[in-house]
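Structural overview for review
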Amino acid sequence: MNDTLLLDAVERYRNGEMSPQETILFEELRKNNPEIDQLAADHNFFLGELDKLSEIKAYRNSLNEVENKLANEGMISENKGKGKANVVYMWSRYRRTIAVAAFIAGLVSISTATIVSMYSEKKNVAVITPLVDTKLNQFEHKLKQIETKLNDASAVAKEPSKPKFEANFRATGFLVDGSGYIVTNAHVVNNARNIIVENKKGDQFFAKAVYVNKITDLAILKISDTSFKKVTNLPYTFPKSSTELGEHIFTLGYPREEIVYGEGYLSAKSGLFGDTTSYQISISVNPGNSGGPVINKNGEIIGIISSKETNADGVVFAIKSKNIYNALKDLKGDESIKLPSVNSLKGLDRVQQIQKLEDFVYMVKGN
Amino acid sequence: MSIYEQEKALLEGLATNETNAVETIYRENYGMIQAFIVKNNGYPEDARDIFQEAMIVLFEKAKLNSFVLRCQIKTYLYSVCRRLWLKRLQQQSRYFPGVELLKETVPVENEIESHEKQTANFNMLEEALGKIGEPCKSILEAYYIQKKSMPDIATAFGYTNADNAKTQKYKCLIRLKKIFFAQYKNGE
């Protein structure tokens, strides 16, 4: 029996086209002849696959038909949306992807920022802000002038000397000798061409720096203006014993055109990175407070405000007043400065202390 | 008619390729599948593809005499589509956002596996058909796929009688079978 005949037989058998007699014969043939049986089985399977393929193809056709019909009805979206619909579609499709991307972006930027800040913290030798106000409010200054004039209407005759120039920085200083020596920070007067000091009343005097030490950040100014009258009875002194942690302190300064009081406490006996020439104090200060005296409750000046840590709140550094002695030692010969020795603040309440003090705290300006 | 009876009728219609049954199932289920696929990183075109494939899986099942649907058609289709879509995302190493439609699913792994086997066979068969050349291809397709009668084919292909056409058809079939089984045995 050749292949063609067998194929035909299998096909007719599958389709039920054989007569009963023929069927019996065919089945017997397969039973007695394993080789033919195997071939017939192969044929049968193959024809079966062809049949199924035919069915699937027909079925796919009807699927496509239905799909097209529904697409025409608009139930199945035919194509990707266009224009605005496309944007909406893309949004709904990529919403999650976008969310994930945004999340990752956020994570990356936060971690980058963290790494950068960690790194820069190590590198930053001093993230500190000198407390000189370089953004001066001239308007406020003029207002104050007018105010003082109005208050002292009777004293118009002795119009205080007012050097006419525009200052571009402002800080604080205080008298250490009634003949016109003022202590402030070196960074205040460094690079200044003209220096002016101004007292609480608004009297301005030219001054010049007679001592500037960038290492200790101390400077001593001498009022050079002839209109300056020697003052006496400086109320404060400098401490003889060491200052203790937790001691209450206060300061007066010019973070504004007006004198401002602030109080706090001694936080550490050393400054940034263990700098033993400074104290760390906790106090609220602003640009303009530089050079202000740090005074304890007995009216002793324990330090001079110099800077604050930029990234931390209320971490302020003050130069120990001991450094003033050293500065005076360096100066000796050229200038004769006599530090005040009588303390008239001790035992007074704070308001009285301030009233006595404020005349000796000067605004230091210049350009 | 209870839901069960309705669905049984639908499946019987599907098995005999009744367009009405196909359409009903399409109408009732397509939207859900598209929502699932679009929410999970797919296009509507993907949804059409996947749904068609799931419909074929259902068709193959419905044609089996032993087949009894143990859940609703909806659940079955969702399970199949979900499985197929996950597989496709995996193959294209695309990200699966994991948006579920809060529907129960039934295990469909076996069906999908046998469906894939079947699809592979079909592909082999079609490939073999492409290789045997004309007129064999057209004759075989006309008879076995389009189910045309032998006399019709004889006329269409210009054979003097149906027997000649039949002989030619068997010759072609033997060649096709050879090519197919060569590949089929390779694949096993």
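Residues numbered from 1 in each chain as written. Chains lettered and ligands numbered in written order. Predicted model: local features only at pLDDT ≥ 70, side-chain atom pairs only at ≥ 80, totals over all residues.

As for the overall build of chain A
When helices and strands are counted, chain A shows eight helices and 13 strands. Across the 367 residues of chain A, 31% fall into the buried class. (Helix = DSSP H or I, 4+ residues; strand = E, 2+ residues; numbered from the N terminus. Buried ≥ 20, exposed ≤ 12 C-beta atoms within 10 Å, placed from the backbone.)

A few points about the overall build of chain B
Check the secondary structure of chain B and you find eight helices and zero strands. Each helix (α) and strand (β) of chain B, taken in turn from the N terminus, gives the series α-α-α-α-α-α-α-α. For chain B, with 188 residues in total, the buried portion stands at 31%. The contacts in chain B between residues at least 6 apart in sequence include a share of 64% that link residues at least 24 apart. (Contact = placed C-beta atoms within 7 Å.)

A look at the environment of Ser114(B)
Looking at where Ser114(B) falls in the secondary structure, it is placed in helix H5 (residues 109-132). For the pair Ser114(B) and Glu60(B), spaced 54 residues apart in sequence, the C-alpha separation works out to 9.5 Å.

Details of the interface of chain A and chain B
Often, the extent of an interface is quoted as the loss of accessible area on bringing the components together. At the interface, 25 residues of chain A touch 26 residues of chain B. Contributing elements (two or more residues each) for the side of chain A that touches chain B: helix H1 (3-15), helix H3 (34-73) and helix H4 (83-123) of chain A.

Topic: the sheet that holds strand S3 (residues 181-185) of chain A
All names here are of chain A. Reading around the barrel, the six strands line up as S2-S3-S6-S5-S4-S13 and close back on themselves, with antiparallel pairing between neighbours. Shown here is a sheet whose adjacent strand axes are inclined to one another by a mean of 40°, direction ignored. Pairing geometry for strand S4 (residues 195-198) and strand S13 (residues 361-366), over four bridges, is antiparallel. Looking at the pairing, glutamate 198 lines up with methionine 363 of S13. (Pairing = 2+ DSSP bridges. Axes fitted to C-alpha atoms, helices over the stretch in contact; angles between N-to-C directions.)

A short note on the pairing of strand S7 (residues 248-253) of chain A
Regular strands have side chains that alternate between both faces of the sheet. Residues and elements named next belong to chain A. S7 sits mainly inside the fold: five of its six residues count as buried. Note: S7 against strand S8 (residues 260-268), six bridges, orientation antiparallel. Its bridge partner lying in S8, histidine 248 is registered against tyrosine 265. Connecting the antiparallel pair S7 and S8 is a turn made up of six residues. As judged from the three bridges shared by S7 and strand S10 (residues 293-296), these two strands associate in the antiparallel manner. In the sheet register, isoleucine 249 faces S10, and the bridge partner there is asparagine 296.

Observations concerning the nonpolar core
By size, the foremost hydrophobic cluster in this structure holds 60 residues, and its most contacted members are Ile182(A), Val197(A), Ala219(A), Val294(A) and Ala318(A). What Ala219(A) contacts, discounting residues up to four positions off in sequence, is Thr184(A), Asn185(A), Ala186(A), Val188(A), Val189(A), Ala209(A), Tyr211(A) and Val212(A). One finds Ile50(B), Ala54(B), Met55(B) and Cys81(B) within the second-largest nonpolar core, a separate group that totals 57 residues. (Core = buried A, V, L, I, M, F, W, Y, C linked by C-beta atoms within 7 Å.)

Examining the pairing of strand S5 (residues 204-213) of chain A
Residues and elements named next belong to chain A. The sheet contact formed by S4 and S5 spans four bridges and is antiparallel. Bridging from a neighbouring strand, isoleucine 195 pairs with alanine 207 of S5. Hairpin connection, S4 to S5: the antiparallel pair is bridged by five residues, and glycine 202 has positive phi, about 105°. Hairpin connection, S5 to strand S6 (residues 218-223): the antiparallel pair is bridged by four residues, and aspartate 217 has positive phi, about 65°.

Description of helix H2 (residues 19-39) of chain B
Helical periodicity: at 3.6 residues per turn, an α-helix aligns residues three or four positions apart in one direction. Taking 1.5 Å of rise per residue, the 21 residues of H2(B) would be expected to cover 30 Å, and the 29 Å separating its terminal C-alpha atoms lies within 8% of that figure. Its maximal kink placed at Asn29(B), H2(B) deviates by approximately 45°. For H2(B), the set of buried residues is Ala21(B), Val22(B), Ile25(B), Tyr26(B), Asn29(B), Tyr30(B), Ile33(B), Gln34(B), Phe36(B) and Ile37(B). The inward-facing, buried residues of H2(B) contact H3 of chain A together with helix H1 (3-15), helix H3 (44-63) and helix H4 (73-91) of chain B. A positive backbone phi angle near 75° is found at Asn41(B), which sits one or two residues after H2(B). (Expected span 1.5 Å × (residues − 1). Bend = angle between axes of the 7 residues up to and from the residue.)

Describing the confidence of the model for chain B
Chain-level statistics for chain B give a pLDDT mean of 82 and a share of 94% at 70 or above. Of the two predicted TM-score estimates for the complex, the pTM is 0.47 and the ipTM is 0.83. (pLDDT = per-residue confidence, 0-100.)

Re helix H7 (residues 322-331) of chain A
All names here are of chain A. Those residues of H7 that sit buried are Ile324, Ala327 and Leu328. Axial view of H7: buried residues confined to an arc of 100°, hence all on one face. In this structure, H7 carries Tyr325 and Lys329 as exposed residues pointing more than 90 degrees from its buried face. Where H7 is buried, its residues meet strand S2 (169-177), S3, S5 and S6. One or two positions beyond H7, positive phi appears at glycine 333, with a value near 100°. (Arc of directions from axis to C-beta.)

Section: unusual backbone geometry
The peptide bond linking Glu134(B) to Pro135(B) adopts the cis configuration, its omega dihedral lying at 0°. By the element assignment, Pro135(B) lies in the loop between H5 and helix H6 (136-145). Located in the positive-phi region is Asn233(A), a residue other than glycine, with phi close to 60°. With respect to the helices and strands, the residue Asn233(A) is situated in the loop between S6 and S7. For Asn233(A), a count of 11 C-beta atoms within 10 Å translates into the label exposed.

Here we look at the environment of Val212(A)
Residues and elements named next belong to chain A. Inspection of the secondary structure puts valine 212 in strand S5. Between the alpha carbons of valine 212 and valine 189 there is a distance of 8.2 Å; along the sequence they are 23 residues apart. Apart from the residues lying within four places of it in its own chain, the contact partners of valine 212 are Ala186, Val189, Asn190 and Ala219.

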